[in-house]
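# Results of the structural survey
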Amino acid sequence: FQAGRICAEEARAMGINVNFYPVVDVNNNARNPIINIRSFGGDVALVSRMARAYIRGSQSAGVMSTAKHFPGHGDTSTDSHLELPSIDVDRARLDAIELPPFRAAIEEGVGGVMSAHIALPRIVTERLPATLSPKILTGVLRGELGFKGLVFTDALNMSGIVAHYPDGEAAARAVKSGADVLLYPPS
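This text gives an overview of the structure that appears in the document. (Residues numbered from 1 in each chain as written. Predicted model: local features only at pLDDT ≥ 70, side-chain atom pairs only at ≥ 80, totals over all residues. Heavy atoms only, no water.)

### What about helix H6 (residues 167-177)?
Among the residues of H6, those classed as buried are Ala170, Ala171, Ala174 and Ser177. Down the axis of H6, the smallest arc covering the buried residues is 135°, so these residues share one side. Opposite the packed face of H6, turned more than 90 degrees from it, sit the exposed residues Gly168 and Lys176. The inward-facing, buried residues of H6 abut helix H4 (134-144) and helix H5 (159-162). Positive phi shows up at Gly178, right after H6, with a value of about 125°. (Buried < 20%, exposed > 50% of the residue type's maximum accessible area, 1.4 Å probe, protein only. Helix = DSSP H or I, 4+ residues; strand = E, 2+ residues; numbered from the N terminus. Arc of directions from axis to C-beta. Contact = heavy atoms within 4.5 Å.)

Shown next as structure tokens:
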């Protein structure tokens, strides 16, 4: 709570009113090259509790928090800045490990959620990154979890996207999938 509050106070002093934090990914893969210490840890309950506190602290001081990377980037051994990671889990596993911190963040009133450039082949058979999947952003995030805030994409200039989709196509697909704000489209 205090970290969120202090970060928000310092951000507001610089004119910043949106924070792309907290990382609510459950860091449960020791080979994860990108989430690691950005996460609150590998315990679902701890990540959920810390996310709630950070969000409460930040938003109480007037800065919108953004829970990321939906639906969970913790169990990858690939950096989505470099290529498209795949998390080969079923929906029951997603509900038990990856989604609870996002549920907690939504219950806490988080203003934003950032999508992940990850494939979930057992859930989205087209091998679409979550960022470009209506099933994930509109179906799961908006529909099932009831999120009503802003959906941000992760940076669209990352290789997990640009290596597989032309610039305009990725941007259009993200919007059609439910994203409200496109971050760093290459064009």
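### A word on the pairing of strand E2 (residues 64-70)
Buried residues dominate E2, accounting for seven of its seven residues. Pairing of strand E1 (residues 18-19) with E2, which is carried by two bridges, proceeds in the parallel orientation. The partner of Val18 across the bridge, within E2, is Met64. With helix H2 (residues 44-60) bridging E1 and its parallel neighbour E2, the resulting β-α-β unit is right-handed. In this structure, E2 lies alongside strand E3 (residues 112-115), joined through four bridges in parallel fashion. Each residue of the ladder has a partner; that of Ala67, found in E3, is Val113. After leaving E2, the chain enters helix H3 (residues 91-107) and then returns to the sheet as E3, a path that is right-handed. (Pairing = 2+ DSSP bridges. Right-handed = clockwise from strand over helix to strand, strands pointing away.)

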